[in-house]
Amino acid sequence: MSRFFFCITLFLMPFLTMAQSDSLQHKLRLGRSSFGQKLLRADSILTMSYNKGNYDTTYIRRPKHPITVKVRYNVSGSGIFSNGVINGNDYRCHATTSYQNTGSLAFAYRGIAVAFAVNPAKLFGKDKSKSFNFTMYSNRYGMDLAYQNSNQYSGWAEYDGVRENFATDIVRTRFTDMNAYYAFNFRKFSYPAALTQSYIQRRSAGSWLLALSCLNGKMEVSKTETDARVPEVDMRILDIGLGGGYGYNWCLPHRWMLHGSFLPTVVVGPFSKMTVNGEDHHIKYSFPELILTERISILHYLNDRNFLNLTFVNYGSIHGTSKHLRNVHNKWRLRICYGMRF
């Protein structure tokens, strides 16, 4: 994978260098046509919007170069952990997915970015899961959304004292995790400086955060072939949470920056239901049920044009009670990034 990133970087370097040196001539040619004039006008409006902002330039500033290209390596995974009572019998389940490895290229122009990802395991038919990630970060507010459809879980289930290991195709999930935030100290603290590098944090600052979270999806546990007593479980989950937390960007010497944030929300709208072997079962609400979002970032600028970044994002939820049925779900992503500005 490292060779892949190195080759892509070498391939892009001459084109991006020529694009930078010829940008003025390109603008002059565009200005000769009506379409070019409209395109330049749109670019001018985008530039004004990009540079405009209600923030303290002592703490935050925009990058000097409008184009950013990133080469990224991503590792992600998820897990489901259940324990409780079903039909009067103790029930426990521990299931995790294998690591999902992807390589991606991301292109950004004045804060608007698009990324293309490649999963080698999917190309060879070894990974049938589907995932989608969308992020929108600004200094004042933002959101991220992560969707996953997977039946690549493996682990074990225990029912009435009998434990059975299972491979894939027994547990399947389709989950969408959504988290939105509002930063009170948005003039000095920048979320995108740590996570998308569309801003640069110049001095250390932190902020209290208001948060809204939502977990929506479905989990299916099929019957196993070896033990017919293990029930077939179909759980539909819709939880809405409100809360808040804190984030901090710590600027260190030699162009280093560390970021950490924690956003716990309390579920105020539980709309989950479950069926066991085709029969409806009530999922008892147990206060407090939580949706948790944690983010960590380590950022190092090699110079004004090049940087290295490592980010870790984890979405987690805790709902139900162990006296009836408690479910813990988490989804995480680790990303290593090398970025170039032009």
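Please read all numbers here as calculations on a predicted model, not as lab measurements.

1. Considering the overall build of the chain
Of the regular secondary structure elements, the chain holds 5 helices and 19 strands. The burial tally for the chain puts 46% of its 342 residues in the buried class. Residue pairs at least 24 apart in sequence account for 69% of intrachain contacts in the chain once pairs closer than 6 positions are excluded. In the form shown here, the chain has an accessible surface area of approximately 18,100 Å², with 60% of it arising from carbon and sulfur atoms.

2. Things to note about the pattern of salt bridges
Two side chains bearing opposite charge may form a pair once their charged atoms approach each other closely. Scanning the model with the defined rule gives 7 salt bridges in all. For arginine 92, the salt bridge goes to glutamate 158, with nearest N and O atoms at 3.3 Å. Taken together, the residues span a long stretch of sequence, with arginine 92 in strand E3 (residues 89–97) and glutamate 158 in strand E8 (residues 153–159) at a distance of 66 residues. Among the residues examined, arginine 92 registers a relative accessible area of 35% and is labelled partly exposed. Judged by relative accessible area, which is 18%, glutamate 158 ranks as buried. Between lysine 218 and aspartate 234 there is a salt bridge; the shortest N-O distance is 3.7 Å. Remark: aspartate 234 occurs in strand E13 (residues 233–252) and lysine 218 occurs in strand E12 (residues 205–221); sequence separation between them is 16 residues. A residue is classified by how much of its surface remains accessible, and lysine 218, at 14% relative accessible area, is buried.

3. Describing the environment of aspartate 169
In this fold, aspartate 169 is placed in the loop between strand E9 (162–166) and strand E10 (171–183). Classification of aspartate 169 as exposed rests on a relative accessible area of 52%. Sequence spacing of aspartate 169 and valine 221 is 52 residues, and the spatial spacing of their C-alpha atoms is 8.8 Å. Ignoring sequence-local partners within four residues, the contact set of aspartate 169 consists of Asn151 and Ser222.

4. Points about empty space enclosed by the protein
With the rule as written, the count across this model stands at 3 cavities of 30 Å³ or more. By volume, the largest cavity is sized at about 70 Å³. Considering the residues around the largest cavity, the lining is formed by 10 residues, among which Thr97, Ser98, Gln100, Ser129 and Gln148 are closest to the centre. The set of elements that each furnish at least two residues to the lining of the largest cavity consists of strand E2 (67–86) and strand E7 (141–150). Residue composition of the lining of the largest cavity, grouped by class: no nonpolar, 9 polar and 1 charged. Quantified by volume, the second largest cavity comes out at close to 50 Å³.

5. Regarding the confidence of the model for the chain
Considering every residue of the chain, the mean pLDDT works out to 80; 79% of them sit at 70 or more. Taken together, the stretch residues 14–25 has pLDDT below 50 and engages in 4 contacts with residues farther than four places along the chain or on a different chain.

6. Quick look at the side chain of serine 150
Residue placement: serine 150 occurs in strand E7. If we ignore the near neighbours within four places in the chain, the residues touching serine 150 are Thr97, Ser129, Val171, Arg172 and Thr173.

Criteria and thresholds
- Residues numbered from 1 in each chain as written.
- Predicted model: local features only at pLDDT ≥ 70, side-chain atom pairs only at ≥ 80, totals over all residues.
- Heavy atoms only, no water.
- Helix = DSSP H or I, 4+ residues; strand = E, 2+ residues; numbered from the N terminus.
- Buried < 20%, exposed > 50% of the residue type's maximum accessible area, 1.4 Å probe, protein only.
- Contact = heavy atoms within 4.5 Å.
- Areas by Shrake-Rupley, 256 points an atom, 1.4 Å probe, with all protein chains shown as cover.
- Salt bridge = Lys/Arg side-chain N within 4 Å of Asp/Glu carboxyl O.
- 1 Å grid on protein atoms, 1.4 Å probe; cavity = no way out; pocket = protein on both sides within 12 Å on 5 of 7 lines; lining within 4 Å.
- Points joined across faces, edges and corners; volume = space filled by probe spheres on them.
- Nonpolar A, V, L, I, M, F, W, Y, C, P; charged D, E, K, R; others polar.
- pLDDT = per-residue confidence, 0-100.

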